[in-house]
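Structural characterization, general
Here are the chains, one letter per residue:
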Amino acid sequence: MDMDIRIPIGLLFAILGLILAAFGLYSMNDTELYARSLGKNINLWTGIAMIVFGGLMLLFPILEKRKKTDKNK
């Protein structure tokens, strides 16, 4: 099997991050919702962090595959 576990994990984090960031953007002006987190939009920032992490998890297998094909040439 040539399946890299980073691909489904990256997709999972990226999709969930997009959902969470979208909710953070949608509820940006709801001050009552973010009163418990000292007024910080935790949904937006956590969603962005998850998107970045998922993107990195998807980027590493692509770079590794490209590196292997360059060695074979």
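All of these numbers come straight from a predicted model, not from anything done at the bench.

A separate point is the pattern of salt bridges. All told, the structure shown has three salt bridges when counted by the stated rule. Across the salt bridge formed by R6 and E64, the nearest N and O atoms sit 2.7 Å from each other. Taken together, the positions of R6 in helix α1 (residues 6-26) and E64 in helix α2 (residues 42-72) put the pair 58 residues apart, joining distant regions of the chain. Two residues, E64 and K68, come together in a salt bridge whose shortest N-O distance is 3.8 Å.

Further remarks concern unusual backbone geometry. Even without being a glycine, L38 presents a positive backbone phi close to 60 degrees. As for its placement among the helices and strands, L38 is situated in the loop between α1 and α2.

This brings us to α1. With 21 residues, α1 should reach 30 Å at 1.5 Å per residue; the first-to-last C-alpha distance of 30 Å fits that figure. If you check which residues of α1 are buried, you get G10, A14, G17, A21 and G24. Relative to the axis of α1, the buried residues are bounded by an arc of 90 degrees and lie together on one face. Residues of α1 that are exposed and point more than 90 degrees away from the buried face comprise I19 and Y26. Along its buried surface, α1 packs onto α2.

Here is what the cut-offs are and how they apply
- Residues numbered from 1 in each chain as written.
- Predicted model: local features only at pLDDT ≥ 70, side-chain atom pairs only at ≥ 80, totals over all residues.
- Heavy atoms only, no water.
- Salt bridge = Lys/Arg side-chain N within 4 Å of Asp/Glu carboxyl O.
- Helix = DSSP H or I, 4+ residues; strand = E, 2+ residues; numbered from the N terminus.
- Expected span 1.5 Å × (residues − 1).
- Buried < 20%, exposed > 50% of the residue type's maximum accessible area, 1.4 Å probe, protein only.
- Arc of directions from axis to C-beta.
- Contact = heavy atoms within 4.5 Å.

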